[in-house]
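As a plain string of letters, each chain reads:
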Amino acid sequence: MEMRFIEAFRRQGVSMQTLRKAAIKARADWSTGHPFALSKAKYLTDRRKVFAQIAEQEKDRVTWDMASGQHEMWDVIEATIAKGVEFDPASDLALRWAPLPDEFPNVWLNPAIAFGKPALADEGIPTSAVYRMWRAERGNVARVANAFEITEDAVRSAVDYEIKTAS
């Protein structure tokens, strides 16, 4: 999850130095080793700084520059990083992430399954393993489904996911 956070902000032009400073401040302020994987805060950028948006007791939204500690005002709030992420209600840390939830709702990245690689959520089978077998079986979905003891729909989903993300 933290890698997803960093990648999203790097794409927006935020420097690694700024991200490091923001992480140090957030770790101290929020007493957590993984501040970029929390559900409590929404992170924002103006392409130079990293911001954490927090809701205060009166449900006001306060936005502050995590690196400098300065408060910022925003008219339009963008929140896209947490899409498809399931958070642990006890720790508020990210548990797993569906990278393409609209197209492949059954493909998740979960550090407890397949070492965090894309896998079929219910079956726990890496999509890459299904895809490799599908290729070895020359596209025979039924054989792959039988070998893994999963549905043909699950095979198609894993194969389609691998094809889509490879391009």
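Residues numbered from 1 in each chain as written. Predicted model: local features only at pLDDT ≥ 70, side-chain atom pairs only at ≥ 80, totals over all residues. Heavy atoms only, no water.

**Student:** An account of helix 1 (residues 2-11) is needed here, citing residue identities and associated values.
**Tutor:** Burial in helix 1 covers these residues: Arg 4, Phe 5, Ala 8 and Phe 9. The arc enclosing the buried residues of helix 1, seen along the axis, measures out at 125°, which places them on a common side. When the buried face of helix 1 is taken as reference, the exposed residues oriented beyond 90 degrees from it are Met 3 and Arg 11. Residue Gly 13 follows helix 1 closely and has a positive phi angle near 95°. (Buried < 20%, exposed > 50% of the residue type's maximum accessible area, 1.4 Å probe, protein only. Helix = DSSP H or I, 4+ residues; strand = E, 2+ residues; numbered from the N terminus. Arc of directions from axis to C-beta.)

**Student:** Hey, could you go over helix 4 (residues 141-148) for me, with residue numbers and the actual values?
**Tutor:** The α-helix winds at 3.6 residues per turn, so residues separated by three or four positions along the chain end up facing the same way. Looking at helix 4, one finds that the buried residues are Val 141, Val 144 and Ala 145. Projected onto a plane normal to the axis of helix 4, the buried residues spread over an arc of 100° and lie on a single side. Of the exposed residues in helix 4, those oriented more than 90 degrees away from the buried face are Arg 143 and Asn 146. Where helix 4 is buried, its residues touch helix 3 (127-136) and helix 5 (152-166). (Contact = heavy atoms within 4.5 Å.)

**Student:** Which residues make up unusual backbone geometry, and what values go with them?
**Tutor:** A positive phi is found at Phe 115, a non-glycine position, where the angle reads about 55°. Tracing the chain through its elements places Phe 115 in the loop between strand 7 (107-108) and strand 8 (119-120). On the basis of relative accessible area, Phe 115 is assigned to the exposed category, the value being 83%. With a phi close to 55°, Glu 149 is a non-glycine residue in the positive phi region.

**Student:** Can you explain the sheet that holds strand 7? Please cite residues and give values.
**Tutor:** Strand order in this open sheet of 3 strands is 7-8-9, and the pairing throughout is antiparallel. Strand pairing shows two members of the sheet lacking a second neighbour, strand 7 and strand 9 (125-126), which therefore form its edges. The pairing of strand 7 with strand 8 spans 2 bridges and is antiparallel. Directly across from Trp 108, in strand 8, lies its bridge partner Ala 119. (Pairing = 2+ DSSP bridges.)

**Student:** Please give an account of the pattern of salt bridges that cites residues and values.
**Tutor:** Should the charged atoms of two oppositely charged side chains come close, the side chains can pair. Taken as a whole and assessed by the stated rule, the structure comprises 5 salt bridges. Across the pair Arg 96 and Glu 86 runs a salt bridge, and its minimum N-O distance is 3.2 Å. Here Arg 96 is found in strand 6 (residues 94-97), whereas its partner Glu 86 is found in strand 5 (residues 85-87), with 10 residues between them in sequence. Overall, Glu 86 belongs to the partly exposed group, its relative accessible area being 32%. Between Arg 156 and Glu 152 there is a salt bridge whose closest N-O contact spans 3.2 Å. Here Arg 156 and its partner Glu 152 are both found in helix 5, 4 residues apart, which amounts to about one turn of the helix. Residue Arg 156 is classed as partly exposed on the basis of its relative accessible area of 36%. (Salt bridge = Lys/Arg side-chain N within 4 Å of Asp/Glu carboxyl O.)

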